[in-house]
Amino acid sequence: MSQEDDWYITPPLPDKIFPWEKYNPVTREEVADFFNSPELRIIKQRMVDIGRRLWQREFVDGNGGNISVRVAQNLLLCSPTLCSKGFMTEEDICLVDMNARQKAGYRPATSEVKTHIAMMKASGVNSCIHAHPAHCNAFLFAGQTPPSGINPEADIFLGHIPLAPYGTPGSVETAQAVAEASKQSTVVFMENHGVITGGRHVEEAEWFMENADAYCRMILMAGLHKAPLNQVGPEGVADFLAIRKSIGYAVPEGQPLYNTESYAGYTLGKTGK
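The rules behind these values
Residues numbered from 1 in each chain as written. Predicted model: local features only at pLDDT ≥ 70, side-chain atom pairs only at ≥ 80, totals over all residues. Heavy atoms only, no water. Buried < 20%, exposed > 50% of the residue type's maximum accessible area, 1.4 Å probe, protein only. Helix = DSSP H or I, 4+ residues; strand = E, 2+ residues; numbered from the N terminus. Pairing = 2+ DSSP bridges. Right-handed = clockwise from strand over helix to strand, strands pointing away.

Under an unreviewed UniProt entry, the name given to the protein chain is Class II aldolase/adducin family protein, and the source organism is Candidatus Akkermansia intestinigallinarum.

**Student:** Now, about the pairing of strand β5 (residues 127–131): what can you tell me, with residues and values included?
**Tutor:** Looking along a regular strand, one sees side chains alternate from face to face of the sheet. Burial analysis of β5 places five of its five residues in the buried class, which makes it a mostly covered element. Residue alternation in β5 divides its side chains into two sets, Ser-127, Ile-129 and Ala-131 and Cys-128 and His-130, and both sets are buried. Pairing analysis gives four bridges linking strand β1 (residues 66–72) to β5, with the strands arranged antiparallel. Paired with Ser-68 across the bridge in β5 is Cys-128. In the sheet, β5 pairs with strand β8 (residues 194–199) via five bridges, with the strands oriented antiparallel. Within the sheet, the bridge partner assigned to Ser-127 lies in β8 and is Gly-199.

**Student:** Provide a residue-level description of the pairing of strand β7 (residues 187–190), including the pertinent values.
**Tutor:** By the alternation rule, side chains of β7 split into Val-187 and Phe-189 and Val-188 and Met-190, which are all buried. With two bridges joining them, strand β6 (residues 163–164) and β7 adopt parallel strand pairing. Each bridged residue has a counterpart across the sheet, and for Ala-164 the counterpart in β7 is Met-190. The parallel pair β6 and β7, bridged by helix α6 (residues 172–181), forms a crossover whose chirality is right-handed. Of the strand pairs in this sheet, β7 and β8 are connected by four bridges, and their pairing is antiparallel. Note that in β8 the partner of Val-187 across the bridge is Thr-197. Hairpin remark: β7 followed by β8, antiparallel, with three residues in the connecting loop; positive phi at Asn-192, about 60°.

**Student:** Got a sec to walk through unusual backbone geometry? Specific residues and values, please.
**Tutor:** Phi is positive for Leu-82, close to 55°, though the residue is something other than glycine. Structurally, the position occupied by Leu-82 is in the loop between β2 (75–78) and β3 (94–97). Judged by its relative accessible area of 62%, Leu-82 falls in the exposed class. The phi torsion at Ala-264 lies on the positive side, around 55°, for a residue other than glycine.

This is the structure:
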């Protein structure tokens, strides 16, 4: 090999995390200027794009679902109520404080923003998405979550998906239930309702929604074989969890390797060590 060929580059990972800690507008004038700033316009554009993705993938229908991004010490952007996420515009986006009081926007904010705020406070995420992906809802309508330990990507990015007990959408009880569940994973199934995901930025939260629905779809399809599904052995699952920790995702202290040893009425098999 010639010396001219012996070189390579190491590009940095893209940083899409909005530095909300550095912003703290308080007065009506400061908040209005901030709401209309170029920095927030970029975030609004991303939210609109994410809304379109959710709608195109049929994770939301009608006016369902909601999106939020924290943008200041006491402020977050969120989608409005009664708005199709597939046709949402930048002008539709609302601004609320961390007590869910609206500060800017010509449309009323989603009533479910209280649940987003509770999740942000409990788990430290900067963005939340709530949607109704069909394959996930097929599990949570039955009061179930998919078994862990079967697929590396699912364990690494989703963790052990918790099931938050049912509460009226937009209620304080629902917000509290989701906040508690999000300490286990920032992908939370909401009993008889839908899914809420939290991420370091809005695209990450959307990725988790895609990951969750794809995994649930595969589990449901695999069940058509009428043969027991196999979990990876303990050493392999321990590796999954180590990778999850290494990329900055939480693994609760004392969490077992598997969230369940059974599925669909039978004992799961094991493969590998």
